[in-house]
Amino acid sequence: MTSLELYTKGASVWIPDPDAVWVSALLLQDYSPGEKHLLLQLSNGKEARYPVVSPSDLPPLGNPDILEGENDLTALSFLHEPAVLHNLRVRFLDYSSIYTYCGIVLVAINPYDQLPIYGEEVIDAYSGQDMADMEPHIFSVAEEAYRTMTREEKNQSIIISGESGSGKTVSAKFTMRYFAVVGGAAQQTSVEERVLASNPIMESIGNAKTTRNDNSSRFGKYIEIGFGRKGDIIAANMRTYLLEKSRVVFQTSAERNYHIFYQLCASRELPEMRSFKLEAPEHFRYTNQGGETHIPGTDDLSDLERTRNAFTVLGVQPDQQMELFRILASVLHLGNVNIQVIGRSSERGYIDADDRSLAVFSKLLGVDGPQMAHWLCHRRLAVGGEMLVKPMSGQQALEARDALAKHIYGQLFIWTVQRLNSALRTLRGQTKSFIGVLDIYGFETFERNSFEQFCINYANEKLQQQFNRHVFHLEQEEYIREELAWSRIEFSDNQQCINLIEGQLGLFDLLDEECRMPKGSDERWVQKLYDQHLTSKPHPHFRKPRMSSSAFIVLHFADMVQYECDGFLDKNRDTVFEELINILRASQSELVAELFQQQGNVSSVANGSVRSGKRATREHKLTVGFQFRQSLQMLMDTLNNTTPHYVRCIKPNDLKEPFMFDPRRTVQQLRACGVLETIRISAAGYPSRWTYEEFFSRYRLLLRGPQRQEQAQALCRQALPQLIPDPDQYCFGKTKVFFRAGQVALLERLRAERLRVAAVIIQSRIRGWLARIRYTRVCWATVTIQRYCRGTLARRLALTLRYSKAALVIQKTYRMVAVRQLFLMIRQATVTIQAFSRGTLARRRYRLLVAERAAVLLQVRVRGWLARQAYRRVRAAVVFMQCCVRRRAARRELLKLKTEARSVERYRELNKGMEVKLMQLQLRADQEARESAALRETLQAEREVSSAELQALRATIQNLEKQEKPQPCPVISEKEVEERRRAEEKAAQEILQLTHELQTVQREKESSCKEREDLSARLLEQEKAQEECVQQAVSQMSAALRAELDEERRKYQGLLREFTRLEQRYDNLREMSLLTERAKGHRRTDSTQSLSFEPSSPTPLSPQSLTPLSLSPFPSAFPSPEEVRRVSVTSPSSERRVSVWSSEMPMEQLMERMDVSKDPAVKMKGEDLAHAYDAVRVANKFLESQLRGQRSQWEEELEALRSQLNQAISASSSTAQQQELLEAREQECVRLRRELKEIRNTVSLRRLLTQVLPSAFTPETSSCPSRPKPATVTGLLECRKKDEAKLIKNLITDIRVDSALSLPPGLPASVLFLCVRQADCSGDQTHTRSLCSAAVTAMKAALKKHSNDVDMTALLLKNACLFHDLLAQHCPKQTLDSAELVPLTTDLSDLIRTLSDLRIQAYQQLLSITEKRLQTIIVPALLESETIPGLSGSAVKLVASRKRAGSDPRTVGGDAPTMASVLRELGALHTALSHQALPLTQMEQAFHQLTYLIAASALNSLLLRKDMCCWSRGLQIRYNVSLLEEWLRSRGLQAGGAVASLEPLIQAVQLLQAGKKTEMEAQALVQTCTALSSQQIVKILTLYTPHSDIDERVTLNFIRTVQGLLKSHSDGQPPQLLMDVRRVFPVTFPYLPPPVLHAEQLVIPDSLKISFLRRV
C-alpha cells in the first residue's frame, strides 16, 4: 500500500528498537527495488544498515512535520503503530495533552497529576460545541453523546475501558459530572446531586489499592442516566458486574482490602463507632495481609465522612448507616476468629468458647455465638434420607469462615447497590432516553492469572468484538453515503475465541459440569479441557503449557494468557453452608435479616449459591460463571441497542510518575484496547478524506487550466489521474475524495516539488534583478566617489595656499607684538622699581624721626616722673622727721602735765575754762577729721591718675619695643622686665591656645552643619518614604477592603439571583398544583384579576417576607455613602436566604412538593414551638443589645483610627514612630475585621432566628413612636382605596408594550410616588404601605411576564430605580437635599430595601436576556466569521473530518452569524437603555459584563480549538474585535471597563500574530501578554498550527524558553487555563436625587386610562 517512490534520500522511517519499541531514522540514499539494505542515520547520529529482503520488509515511513502532534490519529498520512505511538508521546510529553482522538475512540493517558482542565468553565466551553471543532477531551465525548441523544432521541453508551490504574474511574466520574451540570442546568433538581453522591459510596465499598493503582475498581459498573423530554436528568440506575469478593479475605503483598474497612478503623475513636470494638488495621487479619495499611496522600477519616454525607444525600438514615458499618465491622472480627484443631492430622477443627472475636462478631450481628461457632466447624449431610452432622477439618473450617465473610460482604454490596438505585429512581415522570456509562475492567494479564482474570478477559473479548463490528459498520455507512464502489474490508474477528469460552463444550460449560460433580476438582477439569480442545478437536486459540499440567493457555485478541486452574471450581461455586445462612436470617438486626431473606427470592448478579444438605436440581444456574455470562449478555444487548462512544484509558508507566511515558507498556495497551485495530481498519480502506473544496484549496498548484472554486470537483476528477496513476489509490465520492494510506504524503511531496521549482525560478529572476540593481548602484557610486575625491583634492590645495599666506601675516604681526610687549614690560618694571625704592627710603627716614621724637618724649616723661618721685620722698622724710620731733615734745609736755595734775590746786586752776577749751578742741578735731578725709580722697585720686599714667607709659613702651628694640633704660628694674616677659609669654600661649580652640570650634561647626544638613536630608527622605509607605499601606488596605466589598456584593447579588430562580421554581410548582386541582374540579376565576394579586403569591409584601434584607431590625446598621447608594453586601449568606413559601403552607405539603424525605426525628410539637418562641424572643433582645453596643464601639474605634491615621500621615516625625504606628494600625485593622466578622455572625444568627420564627419580632416592631403630624404638600395625585388595584393594573401589570414604550421615562414611577405622597400626607399610613407593596408586587409580576423582552425590562428597571430614589429622597432618615422637600411620615425603609433588590433583579434579567441571545453567536461571529474575505482561503488544515454521520450541518453563507449579529444585539440593549434615559455609569457596567462574556467565551473556545490557532485566523479575530472596540467607543462606553475586558482576547490574538522563534521574541511575548496566564500562553503556543507553507510550527525549545520566562515573571498565580464565563461583576446604582415632582409637570396620556386620579 506504500508507494516506493517515497523512499528517497532525506525521508523519515521507523525501525524497531528493543527499548523504545520504535525509533526514527533518516534515509541517506534513495531506495531502488532489489536492494538488500537501506543506509540509515539514527537520531543519535550513528549510521546503520537495515536489511530489506523484499519491498514488504521496508520500514514504515514517517509522517510530515506538519502532522506532528495531530489531535486525531486517523488524520495521519501513514497509519501504523510507530506513527500512533510517536504522536501520542509528542502530545503527552511535549504538549501535556492527555486526550487524543482515534476516529471514534478517545485515547486518554493517565497523567498521574492534577490538571486544571475539568472546571465549570471547561464544561461551559464544551457545552453545545461540535466534537470536530474542539480539542480532544472527555467532555467532548460526553457532549457528543448528549447532543446525539437529544437530537436523534436514541439511547447512548460511553464505554470506558483500560488497565487498572489507567484512569477509568476518574473518566467515568468526570463524564457523570458533565451530565449532572449540563442536564441539570435548567432545573437544579436533587437527582444530579444523588448521581454524583453515588461515586464516593461505590469507591469506598468497591475500590481497593493494588500494585498498579491506589484506587482500583474491583468490579464493573454500568450506570444508566435517564433524561426527560427537556434533556434534564430525572433518574439513574446502576448495574454491577463480578465483584472481587476474594479480596475480602486475601490480599497479596503491597495491596489493601476495600477502602471501607480502613475508613472504619481510622474512625474508631468516634463516639458512635466505639461500640464496634475496632482496632488499628494491623490488628485484623483481613486488613494486614498486604503489609500496607495506609495510602500516601489520602485521609481515611475524611473519606469516611464523605461517604456518610453521600449516604445522607441518598436518603439513607443515620441509624441504617450505623447498621451498615456494624456489619462491616463484624466481617473484620470474623476474620480474627481463631479456629483450632485437635487430632493427629488436624482432622477436626473447633473454636474456643471464650473467643473474643467470635463474641464481638455475634454481638454486632445479633446472632447466637455458640451456634455460629458450632456450624463454622461442622456441616450437615443427607445420607439415605437421614441428616448427619460431620465435623470439618481445620482447613475446611477456615474456608467456611472465609466463605461466610465473602458472602456477607457480597450481600451487603448488593443491598447497597439496590439502595442506591431506589434513591436514584425517578418520581417525576417516565424516562425518555438514557446515556449509559460503562466503567469496566480492561484486559488483564499477570504472572499468576485465576478465575477473575479469566472472566475479565472474556468480557473484553465480547466488548472488542462489538467494537470491531461497530467501527466496520461506521466505515461501511461512510462509503455508502458517498456512493463508493468498495470491496469488503477484512478485519480480525475473535468469534472463535469467544466460542472457545462460551460455546457448547467450551470452557464455561466444562467448568459448570465439573462443579456439578460430587468430587469435582480443578485437575479433572483441566484434563477435560486438554481432551476436548487439544486431543479430540484441536482449537487454534487453546494451548497447553510445556512445564505445567495444571494450567492452560488462551490466545486472546490482545495477548496470550496462561491461567492457573487452582481455585477455579471454588470461585465458580462460591458456596456457603445453609446452616450459617439460617443463623444470619434469625438475627436480631433488621438489616442483617433483610440481607439474607432476599436471597431466597431474588437472584443477583454477584451472588453465589447456598449449599444445603440436599443438593438443588438446578444448582448450575447459580454458579458465578453462569451468572456472569447472563449479565454480560444483557450488557451486550443494551450496548447493541444504543449508540456507543469509546474511551480507551492508557497507563503510561507502572511507577505512577507524572508525565512519564513508557513506550513498551503503552504499545502493549494500545494493542489490547483496540486502538491499533481501529487504525488497521481505517488503513485498510481510505483513511484520508478531503472535501473537494479543501483539496482544491490545498493542491490547486498541481491543477492545470483555469481554476475556479465552483469547478473544484471537476478539476479534482480531471487532475488526480495524472497525479496518481494507480486508480486503486484514490476514489471519488459525492462530496469527498478518498485516498489510501500514504497518498496524501505523495501529494504533499509533489506539491513541495512544484513549490520548489517555482521557488527556484522566482529566486533566479530575483537574483538577476538584484545583480543588475547592484551593478547600476556600483557604477553610480564609483562616479560619485571620483567626483567627490577630485573636488576634495582641489579644495585641499586652495586651503594649503591660503594657510601659507596667513602664516606669513601671523608671523610678522606676532614678532612686532612680542618686541613691543618686551619694551613696555621693561619700562614698566623700571618705573616700578624706582617707585618702590623711593618709597622705602622715605619710610625709613620717617621711622627714624618718629623714633627720635618718641625717645625725647619718653625721656621727658621719665625725668618728670623721677623728679616727682624724689620730691615726694624728700617731703615724706621731712614730715616724718617733724612728726618724730613733735612727738618727743608732746611726750615731754605730757609728763609735765601729769605732774601738775596731781595737785588739786593745779586741777582747779586748769579746770577753769576747761569747758571752753574742750569745745574748741572738739571743733578743731572735727576740722582735722574733715581735712584728713579730703586728703585721703586727694591721695586716692592721685594714685589712680599715676597708675593710669603708668599703664599708658607701659603700653607706649610696648609699642616702641615692637617697632624697634629700645635702649635699656636704667630706670626699669629687672624684676619688672621679668614679670613683663612672663606676662607676654603667658599671653602668647593663651592666644595660641585660643587660636587652636577657635579652629577646632570652626571645624566642629562645619562638621555639625554638614551633619545637620545630611540628617535633614535623610529625615526628609525617610519622611517621604514613610509617607509613601503609609499611603501605599492605606491604598492596599483600601483596595483590599474594596475588593472584599465587591466580593460580598457579588455574593449577595448571586444569592439574590438564586432567590429569584427559586421563586420562579415555586411559581411553576404552584401552577402545576393549581392545574392538578383544576383537573379534579374546575372552577371559573375572575378574568379581571391580575396574576400578581393572587392570595397564594409566594412573596406577600409584609414586613416579615419582603426581602432577605428587610428582616433586619437595624435598617441603618450599615449606612450607605452620601453621594452613591450602593447595594448592601455586608450581610452573610445565611441572612440573604428567604423562604419563598407562604407561612400558611403545611410543612408536610412543602416537603412533598420539594421531594424531601421526611425524618421523624425533626418533627416538633406545639409545646416545642412555644418554648422555641420564648427562647427566640430572649435571644433577640440579647443579640439586639449586644449588636448595638458592638456597633457603637466599632464606630468610635473607627473614628479614632481615622483621626490617628490622618495625624500619622501629616506628622510622621520619625521612622521608628511611623513603623510602630503602621504596625499598630495593621493590628487595629485585624481586630476590627475580627469584630466585624463577629458582628456578621451575630447578625446571621439573628436573621436565622428571624426566619425560623418571623412572628417573634412583631411585638417589638409593632411598637412605634407617635405619628408625626402630616405636612401639607401641593401638586400631588390622589388615589382612592378602591381604585388602587385599577391603578396598578393600568400602569404596570396590563399595560401594552407599545403604549409603555411611548411613555416618558419614569412616568409610572412618578405617578405612583405622587399617589403614595398624597396618601402619606393625608395621614393614612396603611394606605401608603399597601399602595407601595402593591406597586412592588406588580413590578415583580411584570418582570416575570416580560422575562424575554429587553425594552420592557429596561422600562421596569428605570421605574424601579426612579421609585427607589424618590422614596429614599423623602425617607425620614435621609438628610434632605432641599428645603422644599418634606419627609414622609410613614416608615418605608423595608420597601425601599425591597426596591433595591428589585433593581438588581431587573438588571440581572436585562443582562440574562442579552446573554442568552449572544451565547450562541459569540464563537461563530468572533472566531469563525471571515469579515476579511479571501484571507484564509489557502489556509486549509491538513486534517481529516471527525464528524459523525448525524452531526449538525454547519451554517454557511448568509445564515452564519457575523459581527453584525453581535453588534445588533448590543445595539438593541443600548437603544433600550438610552430610551429610558438610564445613567451612563449603569450602561457602562452592563456592557462591561457583556464584553467580558464575549471575551471569555471567545478566548475559551480559542484555547480549545486547534484550527483557530493560526496567523490568518488571528488576523480575522483581531479585525472582529476592532469592530467591537470601535462600536463601544462610538457610543462612549469605553470608560467603564468594557474595552479593558477585551484585553485577554486581544493579547491572545497578538500572540498568534507575533514572531515565535528567537529569545528576544519570547521576552517580547512575555512582556506583552500580561493579561494572559502562563497556562494560557503555553496552550496557545502548543496549539499553534501552521496552515500554510510560509509559516512554521512553534518549536519546543521556544515553548520551554517562554515557560522559563513566565516562571520568573509569575507572582504565584493560581493555575488558570480557561476564563470563568459565569463570573458576574457586582452592580452599583448611582444615587441621583430627582427633581421635586409636581402633578402639573407630568403629561399623562389618555391611553393609560387613569383619569380617576384627582390632582391635589
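Basis of the calculations
- Residues numbered from 1 in each chain as written.
- Predicted model: local features only at pLDDT ≥ 70, side-chain atom pairs only at ≥ 80, totals over all residues.
- Heavy atoms only, no water.
- Helix = DSSP H or I, 4+ residues; strand = E, 2+ residues; numbered from the N terminus.
- Buried < 20%, exposed > 50% of the residue type's maximum accessible area, 1.4 Å probe, protein only.
- Contact = heavy atoms within 4.5 Å.
- Areas by Shrake-Rupley, 256 points an atom, 1.4 Å probe, with all protein chains shown as cover.
- Polar contact = N/O pair within 3.5 Å; in protein donor to acceptor, adjacent residues only side chain to side chain.
- Patch = residues over 30% accessible without salt bridge, like charges linked within 9 Å, V, L, I, M, F, W, Y side chains within 5 Å.
- Salt bridge = Lys/Arg side-chain N within 4 Å of Asp/Glu carboxyl O.
- Pairing = 2+ DSSP bridges.
- Axes fitted to C-alpha atoms, helices over the stretch in contact; angles between N-to-C directions.
- Parallel < 35°, antiparallel > 145°, perpendicular 65-115°, else oblique.
- Left-handed = near helix turned anticlockwise from the far one by under 90°.
- Nonpolar A, V, L, I, M, F, W, Y, C, P; charged D, E, K, R; others polar.
- Lys, Arg positive; Asp, Glu negative; His and termini not counted.
- Charge placed at Lys NZ, Arg CZ, Asp CG, Glu CD.
- pLDDT = per-residue confidence, 0-100.
- Expected span 1.5 Å × (residues − 1).
- Phe/Tyr/Trp six-rings, centres within 6.5 Å; stacked < 30°, edge-to-face > 60°.
- Lys NZ or Arg CZ within 6 Å of the ring centre and 35° of its normal.
- Core = buried A, V, L, I, M, F, W, Y, C linked by side-chain atoms within 4.5 Å.

### Describing the overall build of the chain
Part 1 of the reasoning: From N to C terminus, the chain includes 46 helices and 27 strands.
Part 2 of the reasoning: Across the 1656 residues in the chain, those meeting the buried criterion constitute 46%.
Part 3 of the reasoning: Of the contacts made within the chain by residues no fewer than 6 positions apart, 73% connect residues no fewer than 24 positions apart.
Part 4 of the reasoning: With the model as given, the accessible surface of the chain reaches about 87500 Å², and the carbon-plus-sulfur share is 54%.

### A few points about the environment of asparagine 1359
Part 1 of the reasoning: Along the chain, asparagine 1359 falls in helix 37 (residues 1350-1369).
Part 2 of the reasoning: Owing to a relative accessible area of 4%, asparagine 1359 belongs among the buried residues under this scheme.
Part 3 of the reasoning: Taking the C-alpha atoms as reference, asparagine 1359 lies 8.9 Å from methionine 1339; in sequence the two are 20 residues apart.
Part 4 of the reasoning: Among the polar contacts made by the side chain of asparagine 1359, one reaches the main-chain amide nitrogen of alanine 1309 at a distance of 3.0 Å.

### Some words on a nonpolar patch on the surface
Part 1 of the reasoning: A contiguous nonpolar patch, built from Ile762, Ile766, Trp769 and Leu770 and spanning about 400 Å² of accessible area, is present on the exposed surface.
Part 2 of the reasoning: Summarising the element assignment, isoleucine 766 is placed in helix 24 (residues 743-901).

### Focus on the sheet that holds strand 19 (residues 560-564)
Part 1 of the reasoning: Read across the sheet, 3 strands follow the order 17-18-19 without closing on themselves; strand pairing throughout is antiparallel. At either margin of the open sheet sits one strand with a lone partner, and together these are strand 17 (542-543) and strand 19.
Part 2 of the reasoning: In this sheet, strand 18 (residues 551-555) lies alongside strand 17 in antiparallel orientation, the contact comprising 2 bridges. Looking at strand 18, one finds that phenylalanine 542 is bridged to valine 554.

### Side note on the side chain of serine 267
Part 1 of the reasoning: Structurally, serine 267 can be placed in the loop between helix 6 (259-266) and helix 7 (300-313).
Part 2 of the reasoning: With relative accessibility at 1%, the residue serine 267 sits in the buried group.
Part 3 of the reasoning: Dropping the residues within four chain positions of it, serine 267 is found in contact with Met273, Leu301 and Leu304.

### Quick look at the packing of helix 36 (residues 1325-1345) against helix 38 (residues 1389-1415)
Axis angle and axis distance: for two packed helices, these are the angle between their axes and the distance between the axes, and together they describe the pair.
Part 1 of the reasoning: Viewed as axis vectors pointing N to C, helix 36 and helix 38 meet at an angle of 10°, and their least axial separation amounts to 11 Å. With respect to their mutual orientation, helix 36 and helix 38 come out roughly parallel. Where helix 36 crosses over helix 38, the two elements pack in a sense that is left-handed. Here helix 36 contributes Arg1329, Cys1332, Ser1333, Val1336, Met1339, Lys1340 and Leu1343 to the contact with helix 38, which in turn contributes Asp1390, Leu1391, Thr1394, Leu1395, Leu1398, Ala1402 and Gln1405.
Part 2 of the reasoning: Residues of the contact of helix 36 with helix 38, tallied by class, amount to 8 nonpolar, 3 polar and 3 charged.

### Things to note about the pairing of strand 19
Part 1 of the reasoning: Bridge count between strand 18 and strand 19: 5 bridges; the pairing is antiparallel. Counterpart to isoleucine 553 in the pairing with strand 19 is glutamine 562.
Part 2 of the reasoning: Two successive antiparallel strands, strand 18 and strand 19, enclose a turn made up of 4 residues.

### Focus: a positive patch on the surface
Part 1 of the reasoning: A surface patch of positive charge is lined by Arg861, Arg868, Arg872 and Arg875.
Part 2 of the reasoning: Looking at the secondary structure, you find arginine 872 in helix 24.

### A short note on the pairing of strand 22 (residues 643-650)
Part 1 of the reasoning: Here strand 22 lies mainly inside the structure; 8 of its 8 residues are buried.
Part 2 of the reasoning: Both faces of strand 22 are covered, namely the face carrying Thr643, His645, Val647 and Cys649 and the face carrying Pro644, Tyr646, Arg648 and Ile650.
Part 3 of the reasoning: In terms of strand pairing, strand 6 (residues 105-109) meets strand 22 through 5 bridges, oriented parallel. What sits directly across from valine 107, in strand 22, is arginine 648.
Part 4 of the reasoning: Bridge count for strand 7 (residues 156-162) against strand 22 is 7 bridges, and the pairing is parallel. Paired with glutamine 156 across the strands is threonine 643, a residue of strand 22.

### What about the confidence of the model for the chain?
Part 1 of the reasoning: Of the residues in the chain, 79% have a pLDDT of 70 or more, and the chain-wide mean is 79.
Part 2 of the reasoning: For the chain, the element scoring lowest by mean pLDDT is helix 28 (residues 1133-1136), at 34; helix 6 scores highest, at 94.
Part 3 of the reasoning: Confidence drops under a pLDDT of 50 for residues 1079-1172, and excluding neighbours within four residues, the segment shows 152 contacts in the predicted structure.
Part 4 of the reasoning: Here residues 1433-1454 is modelled with pLDDT under 50, and outside its nearest four sequence neighbours on either side it reaches 50 contacts, counting other chains as well.

### Details of the sheet that holds strand 25 (residues 736-739)
Part 1 of the reasoning: Sheet architecture is open: 3 strands sit in the order 23-25-24, paired in antiparallel fashion. A single partner strand is all that each edge strand has here, and the edge strands are strand 23 (688-691) and strand 24 (730-732). This sheet shows a mean twist of 20° between the axes of neighbouring strands, independent of strand direction.
Part 2 of the reasoning: The pairing of strand 23 with strand 25 spans 4 bridges and is antiparallel. By the bridge assignment, tryptophan 690 is partnered in strand 25 with valine 737.
Part 3 of the reasoning: Each of strand 23, strand 24 and strand 25 is contacted by helix 22 (residues 692-699), which is oriented at about 90° to strand 23, the strand it contacts most.

### Re helix 15 (residues 522-536)
Part 1 of the reasoning: Taking 1.5 Å per residue, 15 residues should reach 21 Å; helix 15 reaches 20 Å between its end C-alpha atoms and fits that length.
Part 2 of the reasoning: Listing the buried residues of helix 15 in full gives Asp522, Trp525, Val526, Leu529, Tyr530, Gln532 and His533.
Part 3 of the reasoning: Buried-residue contacts for helix 15 involve helix 13 (495-502), helix 14 (507-516), strand 17, strand 18 and helix 16 (568-573).

### A look at the packing of aromatic side chains
Part 1 of the reasoning: By the definition in use, this model includes 32 aromatic pairs.
Part 2 of the reasoning: Each ring, one from phenylalanine 695 and one from phenylalanine 739, has its centre 5.7 Å from the other, and the planes form 25°; the classification is stacked. Here the residue phenylalanine 695 occupies a position in helix 22, and phenylalanine 739 occupies one in strand 25, the gap between them amounting to 44 residues.
Part 3 of the reasoning: Lying across the ring of phenylalanine 467, arginine 648 places its NZ or CZ 4.8 Å from the centre.
Part 4 of the reasoning: Over the aromatic face of tyrosine 1492 sits the side chain of arginine 1623, whose NZ or CZ is 5.7 Å from the ring centroid.

### Some points on the nonpolar core
Part 1 of the reasoning: If you look at the biggest cluster of nonpolar residues, it comprises 313 residues, and the most contacted ones within it are Phe179, Phe552, Leu1287 and Phe1363.
Part 2 of the reasoning: Here this core gets 13 residues from one element, more than from any other, and that element is helix 41 (residues 1480-1503).
Part 3 of the reasoning: Those residues within four positions of phenylalanine 1363 in sequence are excluded, and the remaining contacts are Ala1309, Leu1312, Phe1313, Val1316, Cys1332, Ala1335, Met1339 and Leu1395.
Part 4 of the reasoning: If you look at the next biggest cluster of nonpolar residues, it comprises 20 residues, including Leu702, Tyr730, Val737 and Leu747.

### Description of the environment of serine 127
Part 1 of the reasoning: Inspection of the secondary structure assignment puts serine 127 in the loop between helix 2 (120-126) and helix 3 (138-152).
Part 2 of the reasoning: Residue classification places serine 127 among the partly exposed positions, given a relative accessible area of 32%.
Part 3 of the reasoning: Along the sequence, serine 127 and phenylalanine 139 sit 12 residues apart, while their C-alpha atoms lie 8.2 Å from each other.
Part 4 of the reasoning: Setting aside its immediate chain neighbours within four residues, serine 127 contacts Glu143, Tyr178 and Val182.

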